[in-house]
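# An overview of the molecular structure
As a plain string of letters, each chain reads:
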Amino acid sequence: MATIQIRNIREDDYESLRRAAESEGKSLQAYMREQAGTLARRARRKALFDSARESAAASGQGEISRESILADLDAIRGPWPEGSDE
């Protein structure tokens, strides 16, 4: 596993993080490890969406809209069962 060391954190930021960790019953280290994981997942998700937008633009598909996403999902799932509310 990698190690991250952060210096020069404002005292009030440090105290906020320490209190947040304490309120969850975690050490500051465990709390920060969890927060770092959350930030990393968010960054990976953003990179994936950015890549999808770039691919769509490069292929001439333009912007990805709510309607195009729902149409694609409908195409994947197939027709709605009879008697269901769409």
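That block above? That's the structure.
Rules used in this analysis
- Residues numbered from 1 in each chain as written.
- Predicted model: local features only at pLDDT ≥ 70, side-chain atom pairs only at ≥ 80, totals over all residues.
- Heavy atoms only, no water.
- Helix = DSSP H or I, 4+ residues; strand = E, 2+ residues; numbered from the N terminus.
- Rg over C-alpha atoms; globule rule 2.2 N^0.38 Å.
- Buried < 20%, exposed > 50% of the residue type's maximum accessible area, 1.4 Å probe, protein only.
- Areas by Shrake-Rupley, 256 points an atom, 1.4 Å probe, with all protein chains shown as cover.
- Lys, Arg positive; Asp, Glu negative; His and termini not counted.
- Charge placed at Lys NZ, Arg CZ, Asp CG, Glu CD.
- Patch = residues over 30% accessible without salt bridge, like charges linked within 9 Å, V, L, I, M, F, W, Y side chains within 5 Å.
- Salt bridge = Lys/Arg side-chain N within 4 Å of Asp/Glu carboxyl O.
- Expected span 1.5 Å × (residues − 1).

Our next topic: the overall build of the chain. Looking only at helices and strands, one finds three helices and zero strands in the chain. Against the 2.2 N^0.38 benchmark of 12 Å for 86 residues, the chain shows a C-alpha radius of gyration of 22 Å, more extended than a compact globule. Viewed in the frame of its principal axes, the chain has a C-alpha envelope of about 55 × 40 × 25 Å. Relative to its 86 residues, the chain shows a buried fraction of 5%. Only carbon and sulfur atoms are counted for the fraction: they give 53% of the accessible area of the chain, which is about 7,900 Å². When the 14 basic and 16 acidic side-chain charges of the chain are each reduced to a single mean position, those positions are 9 Å apart.

A cluster of nonpolar side chains, namely Ile 64, Ile 69, Leu 70, Leu 73 and Ile 76, defines an oily patch on the protein surface of about 440 Å² accessible area. Along the polypeptide, Ile 76 turns up in helix α3 (residues 66–77). According to the relative accessible area criterion, Ile 76 is exposed, its value standing at 70%.

We now examine the pattern of salt bridges. Evaluated as defined, the whole model comprises eight salt bridges. Ionic pairing is found between Arg 19 and Glu 15, a salt bridge with its closest N-O pair at 3.9 Å. Here Glu 15 and Arg 19 lie together in helix α1 (residues 11–23), a separation of four residues that amounts to about one turn. A salt bridge links Glu 24 to Lys 26; the shortest N-O distance between them is 3.1 Å. Among the residues examined, Glu 24 registers a relative accessible area of 42% and is labelled partly exposed. Each of Glu 15, Arg 18, Arg 19 and Glu 22 takes part in one network of salt bridges that share partners.

Helix length check: α1, at 13 residues, gives a terminal C-alpha distance of 18 Å against a target of 18 Å (1.5 Å per residue), a fit within 8%. Looking at the residues trailing α1, positive phi occurs at Gly 25, about 70°.

So, to be careful, I would describe these as geometric facts and stop short of saying anything about function.
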